[in-house]
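# Summary of structural features
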Amino acid sequence: MTTTTLAVLVPLLPFLGAVAGLLFGHRVPGLVRPLAVLPTLTALLLAVLVAVRQGGGRAVDAATELTPTGSVPVELALHIDGFAALVAVLVGVVASCVQIYSTGYLREDPRYPSYAALVSLFTSAMLLVVYSGDLMVLLVGWEIMGICSYFLVGHYWETPEARAASLKAFLVTKLGDVPFLIGLFALAADTGSFRVTTILARVADGGLDHPTLIALLLLAGVAGKSAQFPLHTWLPDAMAGPTPVSALIHAATMVAAGVYFVARLLPVFATSGAALVVLAVMAAVTMAGSALAALAQDDIKRVLAYSTIGQLGYMTGALAVGDRGAAVFHLLSHGAFKALLFLAAGVIIHVAGTNSLAAMSRMKGLRDRVPDAYWTMTVALLALAAIPPFSGFFSKEAVLGAAEHAATGHAVAPTAAGWIVLVAGLLAALLTAAYATRLWLLAFHGRGTEAPDHGRQPVAMTAVLWVLAIPSLAFGLSVGVLPDWFDGGSLTPTLTTSVLGTGLALIGALVTYGAWRHTTALAARVPMGAVAASPGGDGGAVEAEAIATHRPAYGDVASAPDPADPGRLLLGPVHRHAAAGFRLDAVYTALFVRPVQAAARLVRFLDREVVDTYVRGAGTAPRWLGAAVRRAQTGNVQTYLSALLAGTVVLAVAAVLVATAGA
Amino acid sequence: MSPAAATAATAAATAESHGFLSPTGVEIAFLLVGLVTLGAAVITVTTRQLVHAALWLVVALGGLAVEYLLLTAEFIAWVQVLIYVGSVVVLLLFGLMLTKAPIGRSPDADSRNRPVALAVALLAAAALVWVVVDAFRTTVIDLDGAAQGSTDVTGSILFRHWVLPFEALSVLLLAALIGAIVLSRKKAAEDTTASPATDPHEDAPTPEGDR
Amino acid sequence: MHLHLAYPAVLAALLFCVGVYGVLARRNAILVLMSVELMLNAVNLNLVAFDVWLRDSLHAGQALTLFTIAIAAAEIGIGLAIVLAVYRNRGSSAVDELRDTAESAAEEPDPAQEPRQAKPSQKAEATA
């Protein structure tokens, strides 16, 4: 088989798996698990094969135009360069892990068949985005991911949190998608094509008339999908979905799509310095704000969600300084360790019976219950905090190095963008280490009652953790090889940023440890119960219960009134705002929700009172007319005949008058 | 009936000289008979005594027969007398009797539709008279010459040119005859077996009612 | 000798309108039939008058008049048979009581019509 055929099969197999799963899942329960896992695994193998054949060399390009569509042709096109090949492998790895993990995590869920099919569809859509060489086809995958995220986040639709979160995820990303679509059209109008290769060639010739406008419009969509400030608010709430879904969305598929899109079209963005500065500011605000918010969250998954936002900030930061190699490098390593973090968090939630860090910090021996999750999560958190030699260190240093490069004026990006990213990146490195440490300490070093015993975790779940731990540990070693796959720029850490970044991370970790030592004594005095333990259920059931009980137990879905929280001490007065995500939701409520609701009330009023009046009138008038006519229907033939003859006379007179007038 | 032959040209010339103010004898006769006919017709449709209506109808139809005579249509006139006065009115009288029409004044001879009927009739009359007078004010019928509706003439044209319609008409009459028999035969059988069915005040179902 | 055409024409028009009035205003079906006869005769008069005026070589007007008279005779026979049938079924030959085609009586309660209507329908069932 040619590379093109293989590449076509990569997104097609999960899609067929999803269709088959939806068709036969409920009728043949035995087929559900194979249909979920096997196509994804095969797609992974094929993606690896494609990557090996492509080998970072010349990009594989293939296109076929099914039908003429008007002015700008839409083609089924493949464009597989080194970025696409490697990201597809990451998507395959994470999706396979998530599917295998889900067989254990949701083994008792009655809606597992449709869930698995949707995850397959999600994977397929992401692979389509990755491989597609045509922006319209890319948009198809982009939107399929949007609707799949709606369904998957709302998997526990019995809980109001999940319903609200799924709607929010859908609407907020749509808020970005509308400008994104307009931007795509503007781009096509300027370049005359939706093909990536054609667009890039045209951009290289300087054929772009409105680079800033197009770049900013596209950035809106990217911010929505990749959860960048100010459109990031859907992501923390999306934690109401099952943990494997979070792992999939946050690590490899949906949020990566935005970064990947910018990376693919970076020359377009690079033509506009203003757009790059905007991107840099966006990335900086995202990094710093999300790290602060992560430090204040009580829900373990929300900590990870804000951490995802922050790490995506690093990636957009790298893009803002014009180094897409660093961005995709961080995307790959982050995809691995963040998937690991989420899946391990799912195991912990299952065992602890709660998603609250405050409750976990009052449990003794949680790490002994789940040694697999403990060790792998430690690895992943070290990678997240960018401690050498874990993978996160190399990728983050690549980003910081690129930023320094730009700040000193050695790159195409504006110097201002470089400085913004560099400073924010270093600050975020400090905070990242702090919240990683806090998470680790609170989750695994609690003191108090013995953690509940839920027996051994399914092998499907623990084995996946170790599989994902390998890239978290060792992916950094590929730093020497990767430039061959990318643009060729060096990704090896520079001394200055390495020392600075690692030093700040160590400082953050140590300070947090100190704060924890200081506050942990308080934990014994303030009991925080409300552990939603139901040992019989599978992970999904426990998690759904935990999410549903968090607000009744602690009064808020995001935070808990826990004085023993080191984050509370570290953040001081900022904590209250950080826990609420800096009240951005309130801003959105004032800016969008209230006006829309007011407009809806207006429309409702107009519909009920104005439009319906005409509708009712249209019904009432004929009824009155009918009643009048009915009165004429006496059944008396003489009456009818009188009317008939009277009409005849009138007509005859009229005819005579017309005739004489004409004469 | 002047024996003098008049050409069409002279007829046209004389037509202009004849106004309504100098009527001929025929016109006077026609007018008088016409008034009688119209009066009889009006009484026919307004009288409250049903049998009187039939008798006034005889006057009206007879008057029309005279008008036909004045128009030199002799044969039609006699046919009118024979068929209408002789048979139709008799049939109507039988109908009145069979339906037990009250003798004497019946207060409900007119329906509640009367004002509307009056309005429609007056309107139609006004329109028709206006149109007819407007069109034929100066037109005169020349009655000189051989009678145009003598039995001789009528017989010859009827059996020379109108034979086929005439025969078709006989079929129609036959059909009407059979139809009338069929319509009344059922009732004739009922009349002999169940006379209460004709009684408007007895509505209890008879044993034969559910045949 | 001559005759203004307007005389027979006006007479025919007036007779016709008298017939119209009778058809529309009379209750008794036989009186309605009489009025119909008046209308037919008005038409006959017109036919004859115009035939004489035009001196039609085929005498179509007179021939048609004869046909009309024959048809009128047939019509009166059939019409009387129908009237008799109705009278036998309903006990009345009043035209304005034959209201079976009216909207249902419940829609428009008419105390004057109600009992009269109920009885003939029972009759119709009894004799059907």
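Residues numbered from 1 in each chain as written. Chains lettered and ligands numbered in written order. Predicted model: local features only at pLDDT ≥ 70, side-chain atom pairs only at ≥ 80, totals over all residues.

### Describing the overall build of chain C
Condition: Each helix corresponds to a stretch of at least 4 residues labelled H or I by DSSP, and each strand to a stretch of at least 2 residues labelled E; elements are numbered beginning at the N terminus. Put simply, a residue is buried when 20 or more other C-beta atoms lie within 10 Å of its own C-beta and exposed when 12 or fewer do; between those, it is partly exposed, and each C-beta is set from the backbone.
Counting its secondary structure elements, chain C contains four helices and one strand. Moving toward the C terminus, one meets the helices and strands of chain C in the order β-α-α-α-α. Residues counted as buried form 59% of the 128 residues belonging to chain C.

### Considering the overall build of chain A
Scanning chain A from N- to C-terminus turns up 28 helices and four strands. Burial status across chain A gives 58% buried among its 663 residues.

### With respect to the interface of chain C and chain B
What counts, and what does not: By definition, residues are in contact whenever their C-beta atoms, placed on the basis of the backbone, come within 7 Å of each other. Each residue gets one of three labels, nonpolar for Ala, Val, Leu, Ile, Met, Phe, Trp, Tyr, Cys and Pro, charged for Asp, Glu, Lys and Arg, and polar for the others, Gly among them.
The interface is formed by 72 residues belonging to chain C together with 90 residues belonging to chain B. Secondary-structure elements contributing two or more residues to the side of chain C that touches chain B are strand 1 (2-4), helix 1 (6-25), helix 2 (29-54), helix 3 (60-90) and helix 4 (114-127) of chain C. For the side of chain C that touches chain B, the element with the highest residue contribution is helix 3 of chain C, accounting for 22 residues. Residue composition of the side of chain C that touches chain B, grouped by class: 49 nonpolar, 15 polar and eight charged.

### Some thoughts on helix 3 (residues 50-70) of chain B
Residue and element names in this part refer to chain B. Applied cut-off: To estimate the expected span of a helix, subtract one from its residue number and multiply by 1.5 Å.
For helix 3, which comprises 21 residues, the first-to-last C-alpha distance of 31 Å matches the rise-based estimate of 30 Å (1.5 Å per residue) to within 8%. Most of helix 3 is tucked away, with 15 of its 21 residues classed as buried. Looking one or two residues past helix 3, Thr 72 carries a phi angle of roughly 65 degrees, positive in sign.

### Remarks on the UniProt feature "transmembrane region" (unreviewed entry) in chain C
Residue and element names in this part refer to chain C. Put simply, the test is: UniProt positions are given in the numbering used here, feature names are shortened, and annotations may be inferred rather than shown by experiment.
Under the UniProt annotation, "transmembrane region" (unreviewed entry) lies at residues 6-24, 31-54 and 66-87. Between the first and last C-alpha atoms of residues 6-24 the distance is 27 Å; the span itself is 100% helix and 0% strand. Between the C-alpha atoms that bound residues 66-87 there is a distance of 31 Å. The span itself is 100% helix and 0% strand.

### Looking at the nonpolar core
Residue and element names in this part refer to chain A. Rules: What makes a nonpolar core is a set of buried Ala, Val, Leu, Ile, Met, Phe, Trp, Tyr and Cys residues, with links drawn between C-beta atoms within 7 Å.
Core analysis: the largest hydrophobic core is formed by 231 residues, its most contacted members being Val 87, Ala 88, Leu 343 and Ile 348. Per element, the largest residue contribution to this core is 20 residues, and it comes from helix 15 (residues 324-352). Among all residues touching Leu 343, those that are not within four sequence positions of it are Cys 97, Tyr 101, Thr 243, Pro 244, Ala 247, Val 464, Leu 465 and Leu 468.

### Some remarks on the packing of helix 15 of chain A against helix 19 (residues 391-407) of chain A
Residue and element names in this part refer to chain A. Convention followed: To get an axis, a line is fitted to the C-alpha atoms, and for a helix only the part in contact is used. The angle between two axes follows their N-to-C directions and goes from 0 to 180 degrees. Each angle is binned into one of four classes, with values under 35 degrees roughly parallel, values over 145 roughly antiparallel, values of 65 to 115 roughly perpendicular, and all other values oblique. Two helices crossing with the near one rotated counterclockwise from the far one by less than a right angle form a left-handed crossing, whereas a clockwise rotation gives a right-handed crossing.
Between helix 15 and helix 19, the shortest axis-to-axis distance is 9 Å and the interhelical angle comes to 155 degrees. Relative to helix 19, the element helix 15 is oriented roughly antiparallel. In the crossing of helix 15 with helix 19, the sense of the turn from one axis to the other is left-handed. Here helix 15 contributes Ala 326, Phe 329, His 330, Ser 333, His 334, Ala 336 and Phe 337 to the contact with helix 19, which in turn contributes Ser 391, Gly 392, Ser 395, Lys 396, Ala 398, Val 399 and Ala 402. Residue classes in the contact of helix 15 with helix 19 are distributed as seven nonpolar, six polar and one charged.

### A short note on the confidence of the model for chain C
Residue and element names in this part refer to chain C. For the record, the criterion: Every residue is assigned a pLDDT by the predictor, reflecting its confidence on a scale from 0 to 100.
For chain C, the average pLDDT comes to 80, and 80% of its residues sit at 70 or higher. Confidence, expressed as mean pLDDT per element, reaches its minimum in chain C at helix 4 with 43 and its maximum at helix 1 with 93. Across residues 105-128, where pLDDT falls below 50, the model places 24 contacts with residues more than four positions away in sequence or in other chains. For this predicted complex, the interface score ipTM comes out at 0.77, while the overall pTM is 0.65.

### Description of the interface of chain A and chain B
Contacts between the two partners involve ten residues from chain A, matched on the other side by nine residues from chain B. Looking at the side of chain A that touches chain B, its residues break down into six nonpolar, four polar and no charged.

### Looking at helix 19 of chain A
In an α-helix there are 3.6 residues to a turn, and that puts residues three or four apart on one side. Residues and elements named next belong to chain A. Taking 1.5 Å of rise per residue, 17 residues should cover 24 Å, and helix 19 covers 24 Å from first to last C-alpha, within 8% of that figure. With 17 of 17 residues buried, helix 19 is to be regarded as a mostly interior element. Of the residues flanking the end of helix 19, it is Gly 409, one or two places downstream, whose phi is positive at about 80 degrees.

### A look at unusual backbone geometry
Omega for the peptide link from Phe 229 of chain A to Pro 230 of chain A comes to 5 degrees, which places this bond in the cis form. Summarising the element assignment, Pro 230 of chain A is placed in the loop between helix 8 (211-225) and helix 9 (234-237). Looking along the chain, the bond that leaves Pro 388 of chain A and enters Pro 389 of chain A is cis, with omega of 10 degrees. Positive phi is not limited to glycine here, since Ala 227 of chain A has a value of about 55 degrees. Along the chain, Ala 227 of chain A falls in the loop between helix 8 and helix 9. Here Ala 227 of chain A falls in the buried class, since 31 other C-beta atoms lie within 10 Å of it. You will see that His 59 of chain C, though not glycine, has its phi angle at about 50 degrees, which is positive.

### Here we look at the environment of His 577 of chain A
Residues and elements named next belong to chain A. For His 577, the location among the structural elements is in helix 26 (residues 574-579). His 577 sits in the partly exposed class, given 14 other C-beta atoms within 10 Å. Put simply, His 577 and Ala 293 are 284 residues apart on the chain and 8.1 Å apart in space, counted from C-alpha to C-alpha. Setting aside its immediate chain neighbours within four residues, His 577 contacts Phe 582 and Arg 583.

### A word on the packing of helix 8 of chain A against helix 13 (residues 273-296) of chain A
Residues and elements named next belong to chain A. Packing of helix 8 against helix 13 leaves a shortest axis separation of 9 Å and a crossing angle of 25 degrees. In this view, helix 8 runs roughly parallel relative to helix 13, as classed from their interaxial angle. In the crossing of helix 8 with helix 13, the sense of the turn from one axis to the other is right-handed. Note on element contacts: helix 13 touches helix 8 through Ala 274, Ala 275, Val 278, Leu 279 and Met 282, opposite Thr 212, Ala 215, Leu 216, Leu 219 and Ala 223. Residue composition of the contact of helix 8 with helix 13, by class: nine nonpolar, one polar and no charged.

### Comments concerning the environment of Gln 54 of chain A
Residues and elements named next belong to chain A. Along the chain, the position of Gln 54 falls in helix 2 (residues 29-54). C-beta crowding within 10 Å serves as the criterion here: with 22 such atoms nearby, Gln 54 is assigned to the buried category. Along the sequence, Gln 54 and Trp 485 sit 431 residues apart, while their C-alpha atoms lie 9.1 Å from each other. Every residue in contact with Gln 54, bar those within four places of it in the chain, is listed here: Thr 3, Val 60, Ile 80, Gly 82 and Ala 85.

### Brief notes about the pairing of strand 2 (residues 76-80) of chain A
All names here are of chain A. What counts is decided by this rule: In this scheme, strands are said to pair when DSSP sees at least two bridges between them.
Across the five residues of strand 2, four count as buried, placing the element largely inside the fold. One ladder, built from five bridges, connects strand 1 (residues 60-64) with strand 2; its direction is antiparallel. When the bridges of strand 2 are listed, Asp 61 appears paired with His 79.

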